[in-house]
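# Inside the fold
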Amino acid sequence: WGRDPRRVVPEVAEKSIGAEETFGADVDEEDVVLRELLRLSEKVARRVRRAGVAGRTVVLKLRFADFTTITRSRTLPEHTDVARVIYATITELYRRLGLDRARIRLVGVRLEGLVDATEGHHQMAFDERPQGWREAEQAMDRVSARFGSELVRPASLVGEDAAGRP
């Protein structure tokens, strides 16, 4: 009983890393939803890279105005920690739902199937440069760590404050 409670539970590796956002009011505009999914994809990718892991399964979570919640997922051919890849997958999952101005209350992005980033492999294509989006996003992480996360972000998120408000 006199033990330190922090030592009782062994450190457990995370099985997924995600982020979600509840809108202040129900949203039915696709561009607003996609912009929030981009912001969340960037946030998840940063967390994944900070944890030194990569994931293979991208999960979209939507909660509608009537509190019905659905998830859709796609398992990628390779592990990733790149926001651009996560967002492209999330966008495809969202658009495949064919929602016609459905009122959405919450959106979420999650990356599952995590492994140590050194274990994930990437098979380069013949025409692919050896450095790409992953390295660019890692550079953005370094700038954000030094000067703040508001300094570097995708152009479609420029003009929003730290909470994602215009």
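Okay, so let's go over this structure.

### Here we look at the nonpolar core
The biggest cluster of nonpolar side chains holds 28 residues, and the ones touching the most others in it are L37, L62, I86, Y94, I104 and V107. Residue assignment for this core shows that the elements contributing at least two residues are β1 (16-27), α2 (30-51), β2 (53-64), β3 (69-80), α3 (83-96) and β4 (104-112). For this core, the element with the highest residue contribution is α2, accounting for seven residues. If we ignore the near neighbours within four places in the chain, the residues touching I104 are F23, A25, D26, V27, V33, L62, R63, F64, Y94 and L99.

### Quick word on the environment of I70
Structurally, the position occupied by I70 is in strand β3. In this structure, the C-alpha to C-alpha distance between I70 and V107, residues 37 residues apart in sequence, is 9.9 Å. Not counting chain neighbours up to four residues away, the residues in contact with I70 comprise L60, K61, L62, F64 and L97.

### Comments concerning the packing of α2 against α3
Running from N to C, α2 and α3 point in directions that differ by 145°, and their axes come no closer than 9 Å. Of the two possible hands of crossing, α2 and α3 adopt the one that is right-handed. Contact with α2, carried on its side by E30, V33, L34, L37, L38, S41, E42, V44, A45 and R49, involves A83, I86, Y87, I90, T91, Y94 and R95 of α3 and no other residues of that element. Grouping the amino acids of the contact of α2 with α3 by side-chain chemistry returns 11 nonpolar, two polar and four charged.

### What to know about the pattern of salt bridges
Under the criterion given, the structure shown has 10 salt bridges. A salt bridge links R39 to E21, with the shortest nitrogen-to-oxygen separation between them at 3.2 Å. One end of the pair, R39, is in helix α2; the other, E21, is in strand β1, with 18 residues separating them in the sequence. Given the relative accessible area of 14%, R39 is considered buried. Between R74 and E92 there is a salt bridge, with its nearest N and O atoms 3.0 Å apart. One end of the pair, R74, is in strand β3; the other, E92, is in helix α3, and 18 residues separate them in sequence. Take R74: its relative accessible area is 25%, and that puts it in the partly exposed class.

### Focus: the side chain of E36
Mapped onto the elements, E36 comes out in helix α2. Beyond its immediate stretch of four places on either side in the chain, E36 contacts E21, F23 and V107.

The rules behind the values
Residues numbered from 1 in each chain as written. Predicted model: local features only at pLDDT ≥ 70, side-chain atom pairs only at ≥ 80, totals over all residues. Heavy atoms only, no water. Core = buried A, V, L, I, M, F, W, Y, C linked by side-chain atoms within 4.5 Å. Buried < 20%, exposed > 50% of the residue type's maximum accessible area, 1.4 Å probe, protein only. Helix = DSSP H or I, 4+ residues; strand = E, 2+ residues; numbered from the N terminus. Contact = heavy atoms within 4.5 Å. Axes fitted to C-alpha atoms, helices over the stretch in contact; angles between N-to-C directions. Left-handed = near helix turned anticlockwise from the far one by under 90°. Nonpolar A, V, L, I, M, F, W, Y, C, P; charged D, E, K, R; others polar. Salt bridge = Lys/Arg side-chain N within 4 Å of Asp/Glu carboxyl O.

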